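Structure assessment
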Amino acid sequence: MVGTMAKIDDSVKKKVPELRFPGFTDDWEERKFFESIASTIDFRGRTPKKLGMDWSDSGYLALSALNVKNGYIDPLADAHYGDEKLYRKWMSGRELKKGQVLFTTEAPMGNVAQVPDDNGYILSQRTVAFETKEDMMTNDFLAVLLKSPLVFNNLSALSSGGTAKGVSQKSLKGLSITVPLDIDEQQKIGSFFKHLDDTIALHQRKLDLLKEQKKGFLQKMFV
């Protein structure tokens, strides 16, 4: 798959990446991050108790900075659930859609994943979701962009806090990004990295299951 990409000659002084898919020759455009974002879903500080309710044993999974990993959702990490009533009151018309990009703002900062389906999720602590302007940026490309080392380093420079770095919407306003104007190129890049993320997530789940099996064997064999 990587072999299908073409390397740009160093002598070409255009605003393009060093590596890109063949067939695309247009310059990339520099813009402010929020120029491509229609809205940000952020329920910072919202908790079940503040809504007069509590978590449930099952129902809608809450997505937080602890279970939003890089490239996938880990339902086993810090799993909290809300019933139908809590879900409706919490999300209140801002329901998450499949493919939307999730971003952890702190502890840890910078984990990026996408909503895996339309089953419904509660957007919980230290995590925001972005709605893109579809004519300017695809969800898959946004996910790739936010995971790139360049953007992460720029966000780290804009972040606040001591050992626990955090990024606010105010700091995101100062973030400059460079993106392809051609939506088809964005889709090509997004699909390529999404395939890699799906493969990594599959092996990660297998690894987690093996670790749980090992833990069980150790507990039963060494009483």
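Above: the structure in question.
Residues numbered from 1 in each chain as written. Predicted model: local features only at pLDDT ≥ 70, side-chain atom pairs only at ≥ 80, totals over all residues. Heavy atoms only, no water.

Read from one edge to the other, the open sheet built from four strands follows the order E4-E10-E7-E8, with strand pairing classed as antiparallel. Each edge of the open sheet is held by one strand with a lone partner, namely strand E4 (37–41) and strand E8 (109–114). Taken over all neighbouring pairs, the strand axes of this sheet differ in orientation by 25° on average, direction set aside. As paired strands, E4 and strand E10 (residues 127–132) are joined by four bridges and run antiparallel to one another. Counted as the bridge partner of isoleucine 37 is threonine 132 from E10. Against the sheet, helix H2 (residues 139–147) touches E4, strand E7 (101–105), E8 and E10, its axis set at about 155° to E8. (Pairing = 2+ DSSP bridges. Helix = DSSP H or I, 4+ residues; strand = E, 2+ residues; numbered from the N terminus. Axes fitted to C-alpha atoms, helices over the stretch in contact; angles between N-to-C directions. Contact = heavy atoms within 4.5 Å.)

Of all hydrophobic cores here, the largest spans 27 residues; its most connected members are Phe33, Phe130, Leu142 and Leu146. Within the residue set of this core, elements represented by two or more residues are E7, E8, E10, H2, helix H3 (149–158), strand E11 (176–180) and helix H5 (183–221). By residue number, the principal contributor to this core is H2, which donates six residues. When neighbours within four sequence positions are excluded, phenylalanine 130 is seen to be in contact with Phe33, Phe34, Ile37, Ser39, Thr40, Gln100, Val101, Phe103, Asn139, Leu142, Leu146 and Leu172. (Core = buried A, V, L, I, M, F, W, Y, C linked by side-chain atoms within 4.5 Å. Buried < 20%, exposed > 50% of the residue type's maximum accessible area, 1.4 Å probe, protein only.)

This part is about the packing of aromatic side chains. The geometry of an aromatic ring pair is captured by the separation of the ring centres together with the interplanar angle, meaning the angle of the planes. According to the stated counting rule, one finds eight aromatic pairs in the structure shown. Aromatic pair tyrosine 60 and tyrosine 87: ring centres 3.9 Å apart, planes at 10°, arrangement stacked. Pair noted here: tyrosine 60 is in strand E5 (residues 60–63) and tyrosine 87 is in helix H1 (residues 84–91), with a separation of 27 residues, a long-range link. Each ring, one from phenylalanine 103 and one from phenylalanine 130, has its centre 6.3 Å from the other, and the planes form 45°; the classification is tilted. Here phenylalanine 130 lies in strand E10 and phenylalanine 103 lies in strand E7, a separation of 27 residues in the sequence. No difference in accessibility class separates phenylalanine 103 from phenylalanine 130, as the two residues are buried. Among the aromatic side chains, those forming a connected cluster through ring pairs are Phe33, Phe34, Phe103 and Phe130. Lysine 188 extends its terminal NZ or CZ atom over the ring of phenylalanine 21, reaching a point 5.7 Å from the ring centre. (Phe/Tyr/Trp six-rings, centres within 6.5 Å; stacked < 30°, edge-to-face > 60°. Lys NZ or Arg CZ within 6 Å of the ring centre and 35° of its normal.)

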